[in-house]
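Structural description and commentary
Residues per chain are reported as follows:
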Amino acid sequence: MSKQSPVHFHRMKDMPSTHLLGTGTPMCAGCGGLETLHTLYDILGEKTVFVNAAGCMTLLSVYPFTPFRGGWLYTSMGSAPAGAQGVRDALDILLQKKKLSAEEDVEVVVITGDGAAYGMGMSATSAAMDRNLDFIYLCYDNEGYGNTGQQYSAATPHAAITSTSKGSHGYPGYKKDLFAIWAAHNPAYVATVIAAEPLDLAKKIERLQSLSGPRMLISLAPCPTGWDYDPELSVEVGRLAVRTGVWPLKEYIDGEVRHTKIPKQRQPVEDYLRLQGRFRHLFEPQRDEAGIAEIQARVDAYWKRILEE
Amino acid sequence: MFRIRFHGRGGQGMKTASRILGSAFFRAGYEVQDAPRYGAERRGAPIFAYVRADRKVINERGIIDHPDLVVVADDTLVGMPAAGVTQGMDAHTLMLINSHESAEVWSQRLNTEASILILAAREDVADRASLPYIGSRCAAAAAALCGVISREILIAAINDELAHLSTDVIERNCQIAQTAFDQMSDQSGLVKQGGSLSAADYIPPEWIDMPFEKAEVSNLAIHAGATSVKVRTGLWRTMRPVIDYDRCSGCTWICSTYCPDGCIDVRADGYPEIDYDHCKGCLVCVAQCPPHAIESIPEQTAREQESGEQT
C-alpha cells in the first residue's frame, strides 16, 4: 500500500463536507460508532476493504445492500484480524505476481465492536500484531454487546446497568485498558478517538495513513440504545466523556504515549454520568455519593499520574 | 382464542406492551404466547409483537395472520407496506389506532371492513419523553377491549413486567394504563375471539417459486457500491430536522460532520442540505448547530405541510 496523506486537517473547516459511506444503513439513529466510521471512510477513501467481525456493524452489509464502495468480508467475532491477514496476503501475492498494480492495492481495515476487541478477538488481534500485519483496526466501543441487547462486556464501565448487570449497583467490574494492552505489543500506532472530537479523529486517521504495520483505533461509541439517552445527545455525551476525563484521547507512536487533548479544567464525572439512563441509579431515588466519588477518584488518579509524568 | 398484534416503532415499548398483556392474561388463568418480531431491530424502525391467549392448550405457532385485535401505537406506520399493519385484517378484526384523526377518516383511508377505534393521541405526543408510556397505554386499552382482564390484574401485570424500573416510573405507567383502561371500558368485550384455525385453511404467502439455478446465477455478486441508499431509513423518523437558511451561518462542517449517517452534505454554495430519504431523525444536528438554525418538527406536521404545498 503506497502511504500518502493528501489532505491535511488543521481546522474544523477541513473536515469532509460530502460523505462516501452510503446512507440507509440499519444502525440506530444517533449511533456514535457510525459517526466515527463515516469520518474514517471519508478520509481513507474507496480503496479499502473492510473485514467485519460479528456485531452491530455486521448489519451494515446485509445482502444485497452495502454502504461501502469496495469490498467487505464478514468474520466470526473472534477472527477479524485473521480474516484481515488472509486478505492482506492475497493482495500481496497478487502484487508480487503483477496481477495487481500498486495503484489498485487497497488498505485492509478491520471493524469490530468492543465485544470482539476487548474479549473474543483478543488473541487473533495479538497474533496479528506479532506478525506486524499491515492493517488498520477500528474498534467501536459502546461498552457492551449492543447488537444483542447490551449485555456487559470487558469494556463495560464500573456501575453501568446492562441487561446482564441489572442490580442496584450495576456492573461490579472495571473497564479493561485495551489501549495499554494493544500498546504493549509495540504496533505502529494505537490511538483512542471519539467522533465528538472530529479534528482529533481526523488528524489521527491522517497520521495512521502515513504509517504501515498494525494501526489500531479505539473509538468510544456513545450508544443511545444501550446507554439509554435521547439520540440527539450523542455528540454531547461523547464530548462530556472527554471533558470529564473519562475517555482520555491519546496515541502511542514510536514507543511513546502522548495525550492529544488534555482537558484544562476537567468537569465533574457526574456531568457525563447524569445524562445516561445506565447510571441513573447513582442519582435516583437517592444520590449514591460513595458510588459517584469512587468513579471520580479513579478518573482523578489517572490524570494525576499522567500530569505528573 | 384471542389473537392480538401490536404495531409500533422500536423504542415505543410494543414488546413490553405484549408482555404486559400476556402476563395479564396469564394471571387471569389463560394459556399465553407473547413474542416480538423485529425487522431492522433498531429504535425508530417498525416492529410488531403478538399475543395469543386461550383457555385451552395453544398449538398455533408463529406470526398471527388472522388478528382479532390490531393495536397501532404510531399511526405513521399504517401506510407503510413494510410494517404490515393491515395484514390479514377482515370484518371480524378490531383495529385500535393511537391517532389524532377520527375512526371515520381511517375507515375511509384504509377502505377496510374491520372496525376501527381511536385511542386519542395525547396532545404532547410529539414529546419524545412520553414515548415509553405508549406501551402501557396500548396494553391497557387492549386488556379493556378483550373484556376478560380486570383493572387489578392489569396493574399486577404491569408491576410484574416493569419490576426492574424505579418505583416512580412504574407508578407513572400504572396511572397512564388506568386512564387508558377506563377510557376503553365502555367498549369492554368488543374483541371477538377467532375460531380455531386448521392447517387446511392455511393460505400460503404469495411466494414466487424460483427455479434452481447455478450458484453464479442465483447468488448474484453485487458490483455496485453504496447500494444501501436503496433502503429508505427516512421512514424511521418521527421528528424532522429542518434548516432555517436565514439563520444558518454556513460553517460548512458541523451538522455535516456530526450527522452519524452522513445524511447532510454541504452544497457548492456552502450551505448544508438534509437527505430526508435517509435521515433517521436522531436530531444530533439540531442539538449541535451553534446558531440554532435547525429546528425539529413532528414528521406528521412536515408531511401535512408538504402535501398542502403540492395541492
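Residues numbered from 1 in each chain as written. Chains lettered and ligands numbered in written order. Predicted model: local features only at pLDDT ≥ 70, side-chain atom pairs only at ≥ 80, totals over all residues.

**What to know about the nonpolar core**
Counting 161 residues, the largest nonpolar core has Leu 138 of chain A together with Val 71, Ala 141, Ala 142 and Ala 143 of chain B as the members making the most contacts within it. Tallying contributions element by element places helix H3 (residues 134-146) of chain B first for this core, with 10 residues. Structurally, this core is a two-domain feature, drawing no fewer than three residues from each of domain 1 (2-197) and domain 2 (232-310) of chain B. Excluding its chain neighbours within four sequence positions, the residues that come into contact with Ala 141 of chain B are Val 71, Leu 96, Leu 119, Ala 180 and Met 184 of chain B. (Core = buried A, V, L, I, M, F, W, Y, C linked by C-beta atoms within 7 Å. Buried ≥ 20, exposed ≤ 12 C-beta atoms within 10 Å, placed from the backbone. Helix = DSSP H or I, 4+ residues; strand = E, 2+ residues; numbered from the N terminus. Domains from an automatic or database assignment. Contact = placed C-beta atoms within 7 Å.)

**Notes on the sheet that holds strand E5 (residues 189-194) of chain A**
Residue and element names in this part refer to chain A. The strand order across the open sheet built from eight strands is E2-E1-E3-E4-E6-E5-E7-E8, with neighbouring strands paired in mixed fashion. This sheet does not close on itself; its edge strands, each paired only once, are strand E2 (71-75) and strand E8 (256-261). Each strand of the sheet is rotated relative to its neighbour by a mean of 20°, with strand direction disregarded. Relative to strand E6 (residues 214-220), E5 runs parallel, the two being bridged by six bridges. Note on E6: the bridge partner recorded for Val 193 is Ser 219. (Pairing = 2+ DSSP bridges. Axes fitted to C-alpha atoms, helices over the stretch in contact; angles between N-to-C directions.)

**Section: the confidence of the model for chain B**
Residues and elements named next belong to chain B. Across chain B, the average pLDDT comes to 89, with 95% of residues at 70 or higher. Across chain B, element-level confidence peaks in helix H8 (residues 284-288) with a mean pLDDT of 98 and bottoms out in helix H6 (residues 215-218) with 72. Here the predicted complex scores 0.84 on pTM and 0.94 on ipTM. (pLDDT = per-residue confidence, 0-100.)

**Quick word on the domain arrangement of chain B**
All names here are of chain B. Structurally, chain B comprises domain 1 (2-197) and domain 2 (232-310). For domain 1 versus domain 2, the separation of C-alpha centres amounts to 32 Å. Across the boundary between the two partners, domain 1 contributes seven residues, which contact 10 residues of domain 2. The class makeup of the residues in the side of domain 1 that touches domain 2 is three nonpolar, two polar and two charged. (Nonpolar A, V, L, I, M, F, W, Y, C, P; charged D, E, K, R; others polar.)

**Regarding helix H4 (residues 151-161) of chain B**
Residue pairs spaced three or four apart in an α-helix point in one direction, given the helix's 3.6 residues per turn. Listed in full, the buried residues belonging to H4 of chain B are Leu 154, Ala 157, Ile 158 and Glu 161 of chain B. What you see down the axis of H4 of chain B is that its buried residues fit within an arc of 100°, all on one side. (Arc of directions from axis to C-beta.)

**Points about the interface of chain B and chain A**
Each side of the interface is counted separately: chain B has 39 residues, and chain A has 40 residues. Of all the elements in the fold, those that place two or more residues in the side of chain B that touches chain A are helix H7 (254-258), strand E8 (264-266) and H8 of chain B. Here the side of chain B that touches chain A gets four residues from one element, more than from any other, and that element is H8 of chain B. Of the residues assigned to the side of chain B that touches chain A, the class counts are 16 nonpolar, 14 polar and nine charged.

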